[in-house]
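Descriptive structure summary
The chain contents come next:
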Amino acid sequence: MTDRKLYTIDSISDYHKICGLPKPQHPLISLVDYSLVEYQIEESEISWVQDLYFMGFKRDIQGKLHYGQGQYDFDEGLMCFIAPRQVVKMIISKYETKPSGYLLAFHPDFIWNTPLAKTINNYKFFGYDVNEALFLSEKEEETLIGLFKGIEKEYQSGIDQFTQNIIISQIEVILNYCERFYQRQFITRKKTNHQVLEKLETVLEDYFNDNVIDKGLPTANYIAEQLNISTNYLGSLLKQLTGQTTQQHIHEKLIEKAKEKLSTTNLSVSEIAYELGFEHSQSFNKLFKAKTDISPLEFRKSFN
């Protein structure tokens, strides 16, 4: 941690040191109680990149946390997830309210050569921005805190040949619960989520009404940026609400515009493909037929 502007947290010991905590009881995993954290830095704003996985339940945290493009003021209980090599920025300010919550930090070496090492990337919320964090009910909080405490108890009771497997199984339970809770959040926050769908429709409509020739086809990353959410979160949200991926939504809008041009203009299929951002008309023909079961020319003939 030598760079004043960007701290590097390579280990659990590094993280304990920057938080003003005693040396960790396990070299590769630790449950941190936020009420005990006293950042050992003079700056009011710090950034770090860590070689650790973070799963944090936070309430009334001192300051605002920036993660990716997002920012969140932790006035409510929620959970966020940070994967190794991601940059985090913390703006620290002092409040009378004592922060609370827990952070489970573990090094990738802890899960190396285990089934979890192969499946942890399947949990897309490690790619969500902080403003897409998981809001927890009181009952959900109790469930997760109980699991966190179970992990702490396990590594505090002594390390033997069973410790790692027991803790990893508990981490997997936490991750699966959080998967369930995120699915619940997609359903219960209907108003917010449907606003995303409305904005998605507007973004696609504006994109295809503009000059697509110079831009090419829109990407999932572009759409997510326009909606101010992460690509992973958008994909998960759309899958839950509509059963379709972001790419499928893009293709649906594209086919809608193609049908409009085929039925209302005298442009050739090649010209329409070019106007819709395709370099080669063959690619357009293939996509159109895959989505409609007929070729663009057959659609035009049937329409007429």
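Provided above is the structure to which this section pertains.
Rules of the game
- Residues numbered from 1 in each chain as written.
- Predicted model: local features only at pLDDT ≥ 70, side-chain atom pairs only at ≥ 80, totals over all residues.
- Heavy atoms only, no water.
- Pairing = 2+ DSSP bridges.
- Helix = DSSP H or I, 4+ residues; strand = E, 2+ residues; numbered from the N terminus.
- Contact = heavy atoms within 4.5 Å.
- Phe/Tyr/Trp six-rings, centres within 6.5 Å; stacked < 30°, edge-to-face > 60°.
- Buried < 20%, exposed > 50% of the residue type's maximum accessible area, 1.4 Å probe, protein only.
- Core = buried A, V, L, I, M, F, W, Y, C linked by side-chain atoms within 4.5 Å.
- Expected span 1.5 Å × (residues − 1).
- Arc of directions from axis to C-beta.
- Axes fitted to C-alpha atoms, helices over the stretch in contact; angles between N-to-C directions.
- Parallel < 35°, antiparallel > 145°, perpendicular 65-115°, else oblique.
- Nonpolar A, V, L, I, M, F, W, Y, C, P; charged D, E, K, R; others polar.
- Salt bridge = Lys/Arg side-chain N within 4 Å of Asp/Glu carboxyl O.

**Examining the sheet that holds strand β4 (residues 53–59)**
Ordered in space as β2-β9-β4-β7-β10, the five strands form an open sheet in which the pairing is antiparallel. Looking along the sheet, the strands with just one partner apiece sit at the ends: β2 (29–33) and β10 (134–135). Across two bridges, strand β7 (residues 78–82) lies against β10 in antiparallel orientation. By the bridge assignment for β10, L78 is matched with F135.

**Here we look at the side chain of E140**
Turning to its location among the elements, E140 is positioned in helix α4 (residues 138–156). Apart from the residues lying within four places of it in its own chain, the contact partners of E140 are F135, F181 and R184.

**Regarding the packing of aromatic side chains**
The full count for this structure, using the stated rule, is 20 aromatic pairs. When the ring of F81 is compared with that of F125, the centres are 4.3 Å apart and the planes differ by 40°; the resulting orientation is tilted. Of this pair, F81 sits in strand β7 while F125 sits in the loop between α3 (115–119) and β10, and the two are 44 residues apart along the sequence. Here the two residues F81 and F125 agree in accessibility, since each one is buried.

**Some points on the nonpolar core**
M55, M79, L104, F126, I171, I174 and F284 are the most contacted members of the largest nonpolar core, which totals 64 residues. One finds I9, L52, V88 and M90 within the second-largest nonpolar core, a separate group that totals 21 residues.

**Concerning helix α11 (residues 281–292)**
Between its terminal C-alpha atoms α11 stretches 16 Å, which fits the 16 Å expected from twelve residues at 1.5 Å a residue. Of all the positions in α11, only F284, L287 and F288 are classed as buried. Within α11, the buried residues cover an arc of 100° as seen down the axis, which keeps them to one side. Opposite the buried face of α11, at more than 90 degrees from it, the exposed residues are Q282, K286 and A290. Of the residues flanking the end of α11, it is D293, one or two places downstream, whose phi is positive at about 75°.

**Some words on the packing of helix α9 (residues 246–264) against α11**
Two elements in contact, α9 and α11, have axes separated by 10 Å at closest approach and are oriented at 100°. Overall, the two elements α9 and α11 adopt an arrangement that is roughly perpendicular. Note on element contacts: α11 touches α9 through F284, L287, F288, K291 and T292, opposite Q248, H251, L254, I255, A258, K259 and L262. Looking at the contact of α9 with α11, its residues break down into seven nonpolar, three polar and two charged.

**Notes on the pattern of salt bridges**
According to the stated counting rule, one finds ten salt bridges in the structure shown. Note that E201 and K253 form a salt bridge whose closest N and O atoms lie 2.4 Å from each other. Here K253 lies in helix α9 and E201 lies in helix α6 (residues 190–209), a separation of 52 residues in the sequence. Residue class for E201 comes out partly exposed when judged on its relative accessible area of 39%. For E260, the salt bridge is made with K257, and the minimal N-O distance between the two is 3.9 Å. With a gap of three residues between them, E260 and K257 both fall in helix α9, about one helical turn apart. By sharing partners, the salt bridges in this structure join E201, E205, K253, E256, K257 and E260 into a single network.

**Focus on the pairing of strand β9 (residues 100–106)**
For β9, the tally of buried residues reaches six of seven residues, placing the bulk of the element in the interior. With five bridges joining them, β2 and β9 adopt antiparallel strand pairing. Looking at the pairing, I29 lines up with F106 of β9.

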